[in-house]
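Observations on the three-dimensional arrangement
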Amino acid sequence: MEINLSQVIDRGRASEEEVMSLVSSDASDALLAAASELRDREHDDVITYSRNVFVPLTHLCRNVCHYCTFATTPRSGQAAYMNPDEVMAVAEAGARAGCSEILITLGDKPELRYQSAREELERYNHRSTVSYLVEIAERVMRETGLLPHLNPGVVTAEDLQAMRRVSVSQGLMLESTAERLCQKGGPHYGSPDKNPQSRLQTIRLAGEQAVPYTTGILIGIGETRAERIESLLRLRELHDRYGHIQEIIIQNFRAKAGTKMSKAPEPSVDEHLWTIAIARLLFGGKMSIQAPPNLHEGNLDRFIVAGINDWGGVSPVTPDFVNPEAPWPQLDSLAVATASAGKTLVERTAVYPGFIFSEDHWPVPELRARTLAMVDAQGYVRTDSWSPGKSDPPPSLPASINGSPRRQNAPFADLISKATDGNDLDEEQIVRLFNARGQRFELIRSAADRLRREVNGDTVSYVINRNINYTNMCCFRCGFCAFSKGKAARKLRGRPYNLEIEEIVRRTREAKDRGATEVCLQGGIHPSYTGNTYLEICRAIKAAYPDIHIHAFSALEVFHGAETLKISVAQFLRQLRDAGLHTLPGTAAEILDDEVRAKICPDKISTKQWMDIMKAAHETDLPTTSTIMYGHLDRPWHWARHLLHLRNLQKQTGGFNEFVPLPFVHMEAPIFGKGRVRKGPTFREAVLMHSVARLVLHPFITNIQTSWTKMGTQGAIACLQAGANDLGGTLMDENISRSAGALHGQEMRPEQMESLIRSIGRAPVQRNTTYGVEVLGNRR
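In this text the structure is predicted, and so the values were computed from the model without any measurement. (Residues numbered from 1 in each chain as written. Predicted model: local features only at pLDDT ≥ 70, side-chain atom pairs only at ≥ 80, totals over all residues. Heavy atoms only, no water.)

**A look at the environment of I550**
Following the sequence through the fold, I550 ends up in strand 13 (residues 549-552). Overall, the relative accessible area of 0% leaves I550 in the buried class. For I550 and I537, which are 13 residues apart along the polypeptide, the C-alpha to C-alpha distance reads 9.9 Å. Setting aside chain neighbours within four positions, we find I550 in contact with V519, L521, C538, I541, K542, G580, L581, H582 and T583. (Helix = DSSP H or I, 4+ residues; strand = E, 2+ residues; numbered from the N terminus. Buried < 20%, exposed > 50% of the residue type's maximum accessible area, 1.4 Å probe, protein only. Contact = heavy atoms within 4.5 Å.)

**Thoughts on the packing of helix 26 (residues 683-697) against helix 27 (residues 708-720)**
In the contact formed by helix 26 and helix 27, the axes pass within 9 Å of each other and the chain directions differ by 50 degrees. Classed by the angle they form, the pair helix 26 and helix 27 counts as oblique. Seen from above, helix 26 lies across helix 27 with right-handed handedness. Together, F683, A686, V687 and H690 of helix 26 and M711, G715, A718 and C719 of helix 27 make up the contact between the two elements. Class assignment of the residues belonging to the contact of helix 26 with helix 27 gives a composition of 6 nonpolar, 2 polar and no charged. (Axes fitted to C-alpha atoms, helices over the stretch in contact; angles between N-to-C directions. Parallel < 35°, antiparallel > 145°, perpendicular 65-115°, else oblique. Left-handed = near helix turned anticlockwise from the far one by under 90°. Nonpolar A, V, L, I, M, F, W, Y, C, P; charged D, E, K, R; others polar.)

**Structural notes on the pairing of strand 1 (residues 46-58)**
The buried count for strand 1 comes to 13 of 13 residues, which makes it a mostly enclosed element. Sheet topology note: the strand 1/strand 9 (residues 344-348) ladder contains 5 bridges and is parallel. Within strand 9, the position partnered with S50 by the bridge is R348. Of the pairings in the sheet, the one linking strand 1 to strand 8 (residues 310-314) comprises 3 bridges and is parallel in character. What sits directly across from R51, in strand 8, is V314. By the bridge criterion, 6 bridges tie strand 1 to strand 2 (residues 101-106) in an arrangement that is parallel. Residue pairing in the sheet places V53 in a bridge with I102 of strand 2. For the crossover from strand 1 across helix 4 (residues 84-96) to strand 2, the handedness is right-handed. (Pairing = 2+ DSSP bridges. Right-handed = clockwise from strand over helix to strand, strands pointing away.)

**Looking at the environment of Q439**
Inspection of the secondary structure assignment puts Q439 in helix 17 (residues 438-456). Taking the C-alpha atoms as reference points, Q439 and M753, 314 residues apart in sequence, are found 31 Å from one another.

**Description of unusual backbone geometry**
Comment: phi is negative for the bulk of residues other than glycine, and the bulk of peptide bonds are trans. Following H698, the chain continues into P699 via a peptide bond in cis, with omega recorded as 0 degrees. When you line up the elements, P699 lands in the loop between helix 26 and helix 27. Positive phi is not limited to glycine here, since D44 has a value of about 55 degrees. With respect to the helices and strands, D44 occurs in the loop between helix 3 (29-43) and strand 1.

**Some details on helix 27**
The periodicity of an α-helix, 3.6 residues per turn, causes residues three or four places apart in sequence to face the same way. Compared with the 18 Å implied by 1.5 Å per residue over 13 residues, the 11 Å span of helix 27 between its first and last C-alpha is markedly short. Most of helix 27 is tucked away, with 11 of its 13 residues classed as buried. Looking only at helix 27, the buried set comprises W708, T709, K710, M711, G712, G715, A716, I717, A718, C719 and L720. (Expected span 1.5 Å × (residues − 1).)

**Re the nonpolar core**
L521, L576, W610 and L727 are the most contacted members of the largest nonpolar core, which totals 115 residues. With 10 residues, helix 26 is the single largest residue contributor to this core. Filtering out sequence-adjacent residues up to four positions away, L521 remains in contact with I468, Y470, I504, I537, I541, I550, H551, A552 and F553. In terms of nonpolar packing, the next biggest core, distinct from the first, is built from 94 residues, I9, M88, V166 and I203 among them. (Core = buried A, V, L, I, M, F, W, Y, C linked by side-chain atoms within 4.5 Å.)

**Describing helix 20 (residues 555-565)**
For helix 20, every residue scored as buried is listed here: A555, L556, E557, V558, H560, G561 and A562. Elements in contact with the buried residues of helix 20: strand 12 (518-522), helix 19 (531-544), helix 21 (569-579) and helix 23 (607-619). After helix 20 finishes, the residue K566 shows a positive phi value of roughly 60 degrees.

**Re the pattern of salt bridges**
When the charged atoms of two side chains lie near each other, side chains of opposite charge can form a pair. One pass over the structure, following the stated rule, counts 53 salt bridges. A salt bridge links D392 to K390; its shortest N-O distance comes to 3.6 Å. Residue classification places D392 among the partly exposed positions, given a relative accessible area of 29%. (Salt bridge = Lys/Arg side-chain N within 4 Å of Asp/Glu carboxyl O.)

**Points about the confidence of the model for the chain**
When pLDDT is low, close inspection of the predicted coordinates is not appropriate. Mean pLDDT for the chain: 92, with 94% of residues reaching 70 or above. Segment residues 403-407 is flagged for pLDDT under 50; beyond a separation of four residues in sequence, or across chains, it makes 11 contacts in the model. (pLDDT = per-residue confidence, 0-100.)

**So, the side chain of N456**
Within the secondary structure, N456 is located in helix 17. Apart from the residues within four sequence positions on either side, N456 is in contact with R694, T702, N703 and N725.

**Overview of the packing of helix 16 (residues 427-434) against helix 24 (residues 636-653)**
Any two packed helices are characterised by how steeply their axes cross, that is the angle between the axes, and by the distance between the axes. Closest axis-to-axis distance for the helix 16/helix 24 pair is 8 Å, and the angle between their directions is 120 degrees. What the angle tells us is that helix 16 and helix 24 run oblique. Handedness of the helix 16/helix 24 crossing: right-handed. Side by side, helix 16 and helix 24 meet where E427, I430, V431 and F434 of the first sit next to P636, W637, W639, A640, R641, L643 and L644 of the second. Of the residues that constitute the contact of helix 16 with helix 24, the class distribution is 9 nonpolar, no polar and 2 charged.

**So, the side chain of Q705**
Tracing the chain through its elements places Q705 in the loop between helix 26 and helix 27. Judged by its relative accessible area of 12%, Q705 falls in the buried class. Here E658 takes part through its side chain, which lies 2.9 Å from a polar atom of the side chain of Q705. A distance of 3.2 Å separates a polar atom in the side chain of Q705 from a polar atom in the side chain of D726. (Polar contact = N/O pair within 3.5 Å; in protein donor to acceptor, adjacent residues only side chain to side chain.)

Laid out in structure tokens, this is it:
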């Protein structure tokens, strides 16, 4: 049969018959283009690699592959294994060089062939190489934080289980299913562990235990193209059944001096490209297809054109011990080569993003906690130590690599233009914006800043206000909250308190005496509070200071108040309005997606309830703000859904005054202490949230605020130059971020705000809560 590549692209992958029809074809432009399109649908412009350190735990092996120089025989005076201190020295050097992965490779079961291996293992109190490997991997992880990836060869189910507890991923190259290669004269003759059925059995057992697994084929060792396809099909069958294969490596044979195959012909580049493209067609877009970057000379961008999305491990510390004649490329050179194909080089961990966020793949919570602390919302490696609330200065945002063809970004630029023109974007389009890196990141940031200038001019507004958090006692169990105190939160810092109404009024007087136009009131859901509590607070403040603006009560507090009074939310909102409430903060939104809410705040109001309360407030002539609390276990599509909820409601009511991104502060958060979430957004993600919000919410929500308490002053400046136009409030007292571990202070005085704003060439404007101008900023 003839293959119709357009139909393959539409279906997502090719059938066995379709790829078999290509056995006699060449690596045509049409074939490579189809492979690239499948890849781009899932991976867009990202090409990944892992910064690793390579540890050959032992070079001894019971197999005698005819092309291998990794395996050696015992030599007098030479240890059979690296000792623990030797391994740790290499691992520590890798950690200092910024590696996230330690790749531990070894020969198959040398103790079954060599007496010296058995004796040395006995001195280490082990009976098998795998047992020793488990001890080493556990120590490396515990003492250096590196994530182990283990390649021990053919193993048992018990071995896999033991290794699973000390590694984030494992691997075994299938190489080939052609059994004739194991017969006399073949490259695997005399190598019992190269039996294809044994290797497929190990890969199957790994699938049964949900081990994130790396495998692949070795081309050019005497197999036919049809046999390559058969090998890939067997791997596809296993992955279809278990879903555990995280990457397929298409590795080319290299003839090495001193081996029986030293004179054997190596596969051509075109042969390698053809095989990569066939693998992409067979596995579709989602699977990671890898080609090692050090095994071919010449332009690496050809392999990107053929459909790869990963370069594999690249070590800044150790050589490729399997192919010592082929040095790793420098990472800067690899980034340039990747950019020349219109892609962005991004670092990953040893375990791929699709597995990181799946709880099914983590039998040991500590492994998941370590991995989550290393990654961003896409599951790629965090490239700096910045987190919201920490005192560290924000990093410089990475510049795009020269050489990326602008034509590659033309569709992306069109997407940005669609947003700046005020058109609706769908979820998939917004996710593409949130995933932007390199040149695309800069396109978004600059477009958002231009749009901000068009809509808001070159002013930055702020409000003089005071936060009054009247109680930190709460009967809800939000996993991210370090502020509330209850029976389950006694270990959190700070004592429980509950302010009397007289104290709330006194603090309001202090705020007014210092020029505040607003008091912002929020607190925990105290078990003794009813709707009357909130009404009494408003009445007391209004009676004492009728001209102060009361900005108070999250949607959860409104819900609680209505429920305790046994009236509707709309009725309670009217009572609050009549008692003196002017506006509501848009907090308690967190992430407007119930998949996330079920994990971070399971007993809190649902997405629909939050939206309904906001809509009811707007219909009661109570404007609100809108917020997002992001950077924990949420992903870019959750952010997209959140923004779409806000945009759609704003179209109906026009009641949102502003949008305030609130990056998750992790340091004291209970859910972070349990190892279940990330360390807040990266700096790139935090800036992007402001930029993408400016674009997506335009023209309906025109004010984007940045939180100086979470971003810090320098972080806030970056956001003001990326679409934000408001610096929020002076606060006077800020307890919620501080309780979570934020170190950016409780107050920023008006003169400090205005100095910061002028430092970036913008004009400060003091506003009221609803963005009416109160006083033109004139402090020097």
